[in-house]
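What follows is the residue order along each chain.
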Amino acid sequence: MKNIIQNINKAFDHRIRLGIMSILMVNESADFNLLKELLGVTDGNLASHTKALESESYISIEKQFIGKKPNTRYIATKDGKKAFKEHIEALEKLIQKS
Amino acid sequence: MEANKYLNDISEIKNIMNRSSRFMSLSGLSGILAGIYSLVGAWLTYNTIYLDTQTFGNYRNLIITQESVEKLFAIAISVIVLSLATGIILSYRKAESQNEKFWDSSSKRLLINFMIPLVTGGIFILFLIEKEMLGLVAPLTLIFYGLACVNASKHTLGGIRYLGITMIVLGLISTKFLGYGLLFWALGFGFCHIFYGAVMYFKYEKE
C-alpha cells in the first residue's frame, strides 16, 4: 500500500496538469493555443501549470517564430512520460483496492 | 470518495487523449448513405455493361463501348462526389453539435493517413487500366480502400478498423473470382458501408 501512494505524483494532482500531460502523451508536441482550446482554460492559468510541470522537467518548452508570431510548443520529456505512466498505474491500483 | 476522484481522473485522461489525437466527429450516418449511393451506382453499372444475359464459362459477356465507358466514369464520379459531400456535411454538423472543431490537427491527420494508401492504390489502378488489366481493378480498389481505412482508424473512431479489414478480406477473396468484381464491389462498398455505418451510428450518435 505504501508503494502505491509513493507513486501518486503530487505534480499531476490537478485536473489541468493531468490534461496537459494526457495531450502530450499521445501527441509529439502541442502548442499553447491547442492546449488552451482542448482544456478550456485561460492564458494565465495554463501558463502557471505548464511552468510547474517544466520546473519538474516533465515537459520541455520550445519557443520559435512562425512568420512574425511567436509560437510556444510543449513536449513531454522522457522523465515526464515515465512519471505519468507510473501515476496512472498507481491510480488504477488504488481504484482496484477500494 | 477518494476512489471516485481517481476514477474521474482516469476517465478525464482517456477523454482528453482521444479528443486530442482522434477525430471523433466522423458521422456513421454518412457511411450508411455512402453505402446506398454505391448500391445504386452498382445497379446502374450492371445495367450498362451487362446488356445481354449470356455467359461464357465463368465470365459474363461484358460489353464495353466508348459510350458506356463515359457513362461508367460518370457513375463512378457521381458516387464518389456524393459520398464525400455527405461525409463532410454530416461530420461537420456532428462536430458543431458536439462543440468541436471540424478542421483541426486531428481531422488533418486523419485525412493525410487515409489518403496515403488510397492515392497509392488509385495511381496503381490507373496504370493497370492503361495496360487493360481490368480484371484486377475491383479486387485492388477493395484492398487499397481497406488498407486506407485500417491506416485511418488510429486517428478516428476505432470501428473503421473492422470495416477496413472486412474490405481487405473481400478484396482478396474476389481475386479468386475475377468475373464477379461488380458483385464484390456492391458487397464491399455497398453493404459493408451500410452495416458498419449503422454500427457506428448506434454506438456513437444515437443516445
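This one's a predicted model, so the numbers in the text were calculated from it and none came from an experiment.

## Some thoughts on the overall build of chain B
So, point 1. When helices and strands are tallied, chain B shows seven helices and two strands.
So, point 2. Each helix and strand of chain B, ordered N terminal to C terminal, gives the series α-α-β-β-α-α-α-α-α.
So, point 3. The C-alpha extent of chain B, read off along each of the three principal axes, is 75 × 30 × 25 Å.
So, point 4. Here chain B, with 207 residues, has 40% of them falling under the buried criterion.
So, point 5. Long-range contacts, defined as pairs at least 24 residues apart, comprise 72% of the intrachain contacts of chain B with a sequence gap of at least 6.

## Some details on the overall build of chain A
So, point 1. The number of helices and strands found in chain A is five helices and three strands.
So, point 2. Overall, chain A shows an N-to-C arrangement of helices and strands of α-α-β-α-α-β-β-α.
So, point 3. With the principal axes as the frame, chain A shows a C-alpha extent of 55 × 25 × 20 Å.
So, point 4. Within chain A, the fraction of its 98 residues that count as buried is 42%.

## Details of the sheet that holds strand β1 (residues 30–31) of chain A
All names here are of chain A.
So, point 1. Taken in spatial order, the three strands line up as β1-β3-β2 in an open sheet, and their pairing is antiparallel. Both edges of this open sheet fall to β1 and β2 (59–66), since each of them pairs with a single strand only.
So, point 2. With eight bridges joining them, β2 and strand β3 (residues 69–76) adopt antiparallel strand pairing. If you follow glutamate 62 over to β3, its bridge partner there is arginine 73.

## Details of the pairing of β3(A)
So, point 1. Pairing of β1(A) with β3(A), which is carried by two bridges, proceeds in the antiparallel orientation. Within β3(A), the position partnered with A:Asp31 by the bridge is A:Arg73.

## Focus on the UniProt feature "transmembrane region" (unreviewed entry) in chain B
Residue and element names in this part refer to chain B.
So, point 1. The sites that UniProt annotates as "transmembrane region" (unreviewed entry) are residues 23–46, 72–90, 110–129, 135–153, 160–178 and 184–202.
So, point 2. The distance separating the terminal C-alpha atoms of residues 160–178 is 26 Å; by composition the span is 89% helix and 0% strand.
So, point 3. In the segment residues 184–202, helix accounts for 100% and strand for 0%; the C-alpha atoms at its two ends are 26 Å apart.

## Observations regarding the layout of surface pockets
It is a probe the size of a water molecule, rolled over the atoms, that shows where empty space is left.
So, point 1. In this structure, the second largest pocket spans a volume of roughly 260 Å³.
So, point 2. Lining the second largest pocket are 15 residues, and of these A:Leu38, B:Arg19, B:Glu100, B:Lys101 and B:Asp104 sit closest to its centre.
So, point 3. Residue assignment for the lining of the second largest pocket shows that the elements contributing at least two residues are α3 (32–39) of chain A together with α1 (2–21) and α4 (105–130) of chain B.
So, point 4. Looking at side-chain class alone, the lining of the second largest pocket contains four nonpolar, five polar and six charged residues.

## Section: the nonpolar core
So, point 1. The biggest cluster of nonpolar side chains holds 27 residues, and the ones touching the most others in it are A:Phe12, A:Ile20, A:Leu39 and A:Phe84.
So, point 2. Of all the secondary-structure elements, those providing two or more residues to this core are α2 (15–26), α3, α4 (43–55), β3 and α5 (78–97) of chain A together with α1 of chain B.
So, point 3. When residues of this core are assigned to their parent elements, the largest contribution, six residues, is made by α2(A).
So, point 4. Those residues in contact with A:Leu39 that sit more than four places away from it in its chain are A:Arg15, A:Ile16, A:Gly19, A:Ile20, A:Ile23, A:Leu46 and B:Ile16.
So, point 5. Counting 13 residues, the second largest nonpolar core, distinct from the first, contains B:Cys149, B:Met167, B:Phe184 and B:Met200.

## Some words on the UniProt feature "domain: Winged helix DNA-binding" (unreviewed entry) in chain A
So, point 1. With numbering aligned to this structure, UniProt lists the feature "domain: Winged helix DNA-binding" (unreviewed entry) at residues 16–95 of chain A.
So, point 2. A helix fraction of 62% and a strand fraction of 22% characterise residues 16–95 of chain A, whose end C-alpha atoms lie 21 Å from each other.

Thresholds, definitions, all that
- Positions within a chain are numbered from 1, following the residues in the order the chain's sequence is written.
- The order in which chains are written sets their letters, starting at A; the order in which ligands are written sets their numbers, starting at 1.
- Reporting in this predicted model follows two pLDDT cut-offs: at least 70 for local features of residues, and 80 or more for side-chain atom pairs to be given and counted; totals over whole chains, interfaces and linings ignore these cut-offs and use all residues.
- Processing note: side-chain calculations cover all non-hydrogen atoms of the structure and skip hydrogens and water entirely.
- By definition, any uninterrupted DSSP run of H or I lasting at least four residues is a helix, any uninterrupted run of E lasting at least two residues is a strand, and each is numbered from the N terminus.
- For every residue, the accessible area (1.4 Å probe, protein chains only) is compared with the maximum for its type, and the residue is labelled buried under 20%, exposed over 50%, or partly exposed between those bounds.
- Note on contacts: a residue pair qualifies if any of its non-hydrogen atoms lie within 4.5 Å across the two residues.
- Only when DSSP finds a minimum of two bridges between them are two strands counted as paired.
- UniProt positions are given in the numbering used here, feature names are shortened, and annotations may be inferred rather than shown by experiment.
- Both cavities and pockets are sets of points on a 1 Å grid over the protein atoms alone; in a cavity a 1.4 Å probe fits but cannot get out, in a pocket the set is open with protein on both sides within 12 Å along at least five of seven lines, and lining residues sit with an atom within 4 Å of a point.
- Grid points are joined across faces, edges and corners, and a volume is the space filled by probe spheres set on the points.
- Residue classes follow a fixed rule: Ala, Val, Leu, Ile, Met, Phe, Trp, Tyr, Cys and Pro count as nonpolar, while Asp, Glu, Lys and Arg count as charged, and any other residue, Gly among them, counts as polar.
- Here, the term nonpolar core denotes a set of buried Ala, Val, Leu, Ile, Met, Phe, Trp, Tyr and Cys residues that are joined through side-chain atoms within 4.5 Å.

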